[in-house]
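What follows is the residue order along each chain.
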Amino acid sequence: MTASDQPGQAVRREPSHGLRMLLIWVPLSLAADLVIWFVWYPHLPPGRMTDVAAGQQFDLAVLAICGAPVILFIWIFGVYATIVWRRRPGDNDDGPPIRDNKRVSAAWIAVTTALVLGLFGFGTYQLIVPNGAGGGQGASPAWAPKKVDLQVQVIAQQWVFTYRYPQFGGFETPQLVLPKGSVIEFHVTSLDVIHSFWAYQLGVKADANPGVDNVAFAKPVQTGSVVVRCSELCGLWHGAMFDYGRVVSPAAFLKWAKTTEVQLASVTKILPPFALTYDPTAIKTLGPVLVKLGLTGAGGGFYGPQVPVQP
Amino acid sequence: MSLPARVATLIVAFLAVAAVVAFVVVKYFLTSSGPPVEDFTAHVTPDTGAAVNVVMQEAPQTTVTTDPDWVTYFIQNPQTHAWVHTTNFSVPAGSKINITIYGYDGCTPLRNQLWGQVTGTIGNSMTVNGKPTSLLNSWSECSVAHTFAIPSIGLNIPVASPTTFQANSNLCSTSPCTMSDPHTVVRFSFLSPRTVGAYFWQCKIPCGLGYLDGNGGPMQTIGYMTGNMQVAG
């Protein structure tokens, strides 16, 4: 028997806990979402250097805005329950019986289902727009821009990325330089093992597989520095497989590209013709001594499966 | 189970786990220091541009180890001039590093012809048997055996190979190789970074005999076809 059940004492009316929690939850959620949108969103990764990077930043902001009220609800409920429904000194009775509340249950299921399905639809749409959201789409991209201004081939190899510019004589360089305001079509491939081209500030991440042309798109809208990392464990020096690219003005890019094309002309001559993938195990133009030695290509042909020692 | 028995079991279990942890730490972290570091910093003041001479050789096999079919580099000890089976060396910061590589291994086409270009050296050039060279075509000629590249400072050297069929058919069979074996002599110079630290170097020809596409074994093992250049202040 509780104190309120004692004869002669007034029955204590239970307050509306739901309303109390709602009054705490609504302003806090509103404040959190405003902070996320106006303070955190502009600083969320990967920034706004390209259209796809800005899209990813927007996606993260939307997810955070949807997630914050849910997290706050759980925290508020936990803290409220701990404070208000804690056992007080001298209270040795059982708590009130727990009964199902169909309205609350239905509301919880409806809200969470709507949230999950809504984010599923939003996420799926955002993976497509704009132009595949910076992800590698394979050799035949389903979501391509109407017009491409510059093709850049990304060639991964242990443990460096090189970049080939087919519109400038097909020169190849370890430097990634891109013009602001141009739609870039990346063709990502590998000469040896599996790597992954992750140009963080560009919002581009595409696997580099040997013999595969993996296409991704991005349009730089800001100048600045870009960190490029391999994001696929690729051997002993995987951790050192990174470089720094640059987004520059169209005029500066044109000047760099033309100068580099001239500087690298002698080595460009001995590169294979530009192709979307390369097979280093079968070289077509081997010299006579190499042929006489029985070498057919760089790796594979020489140290092929006929060699008995295999890892 | 009685309380003393439970406590004893707990102590034994704890000691067993501690023993395994101690074994792993001692065995794999404290005692496996890797190949030795050849020191080229003695008597040289860093950041003065003073010259340091490093001599290396690449050999077609490693008969001094348990992996005799692995290709490897050796570094000559600056004091004794003995060949040491290591790929780690230390140089003073801000100095002119003169490297000589004796190339004893046969030719193999480069996976990427871009690495036939000499970059990062003084004058973007090297000498092969005394002849200035800035580019080697490893596809049309039997010309390159391995490369010596330090990507972080833009250094890339295609290490020349013996060029004839006869020389490539009679390569040195015991390592370290000697001057009587067919070889080329590659020389180049570069300025060591002013920033102290470890700069890894690597071969860019897939030369891991017996491993898939030549990418394993010596390509992935410090002491064979990759190592560290320690820059000391």
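What you are looking at is a predicted structure, and each value in this text was computed from that prediction instead of being measured.

Student: Where do I start with the domain arrangement of chain A in this structure?
Tutor: Many authors give the size of an interface as the accessible area that is lost as the parts come together. Residues and elements named next belong to chain A. Taken domain by domain, chain A comprises domain 1 (16-87 + 103-129) and domain 2 (150-270). For domain 1 and domain 2, the distance between their C-alpha centroids amounts to 37 Å. Domain 1 puts 9 residues into the contact, and the matching count from domain 2 is 12 residues. Across the side of domain 1 that touches domain 2, the residue classes tally to 4 nonpolar, 3 polar and 2 charged.

Student: I keep staring at the interface of chain B and chain A and nothing clicks. Help me out?
Tutor: Listed by partner, the interface residues are 37 residues for chain B and 38 residues for chain A. Here the side of chain B that touches chain A is composed, by residue class, of 15 nonpolar, 18 polar and 4 charged.

Student: Looking at this structure, I do not really get the pairing of strand S2 (residues 51-59) of chain B. What am I missing?
Tutor: Working note: regular strand, side chains alternate between the two faces of the sheet. All names here are of chain B. Pairing of S2 with strand S6 (residues 96-103), which is carried by 8 bridges, proceeds in the parallel orientation. Counted as the bridge partner of Asn53 is Asn98 from S6. Two elements, S2 and strand S3 (residues 72-76), share 4 bridges in a ladder whose sense is antiparallel. Across the sheet, Gln57 pairs through a bridge with Phe74, a residue of S3.

Student: Would you mind showing me how to read the nonpolar core here?
Tutor: Generally speaking, nonpolar side chains in soluble globular proteins are found buried as a group. Grouped together as the largest cluster of nonpolar side chains are 98 residues, with contacts concentrated most on A:Val154, A:Phe197, A:Val204 and B:Ile157. Sequence-distant contacts of B:Ile157, that is, excluding residues within four places in its chain, are made with B:Val118, B:Met126, B:Thr147, B:Phe148, B:Ala149, B:Val186 and B:Phe188.

Student: How do you make sense of the sheet that holds strand S4 (residues 177-179) of chain A when you look at a structure like this?
Tutor: All names here are of chain A. An order of S4-S10-S9-S6-S7 is seen for the 5 strands of this open sheet, with the pairing classed as mixed. Each of the sheet's edge strands pairs with one partner strand only, and the pair in question is S4 and strand S7 (204-208). This sheet shows a mean twist of 20° between the axes of neighbouring strands, independent of strand direction. The sheet contact formed by strand S9 (residues 224-230) and strand S10 (residues 242-248) spans 6 bridges and is antiparallel. The residue bridging Val227 from the neighbouring strand is Tyr244, located in S10. Sitting on the sheet, helix H4 (residues 250-263) touches S4 and S10, and the angle it makes with S4 is about 140°.

Cut-off values and rules
- Residues numbered from 1 in each chain as written.
- Chains lettered and ligands numbered in written order.
- Predicted model: local features only at pLDDT ≥ 70, side-chain atom pairs only at ≥ 80, totals over all residues.
- Domains from an automatic or database assignment.
- Contact = placed C-beta atoms within 7 Å.
- Nonpolar A, V, L, I, M, F, W, Y, C, P; charged D, E, K, R; others polar.
- Pairing = 2+ DSSP bridges.
- Helix = DSSP H or I, 4+ residues; strand = E, 2+ residues; numbered from the N terminus.
- Core = buried A, V, L, I, M, F, W, Y, C linked by C-beta atoms within 7 Å.
- Buried ≥ 20, exposed ≤ 12 C-beta atoms within 10 Å, placed from the backbone.
- Axes fitted to C-alpha atoms, helices over the stretch in contact; angles between N-to-C directions.

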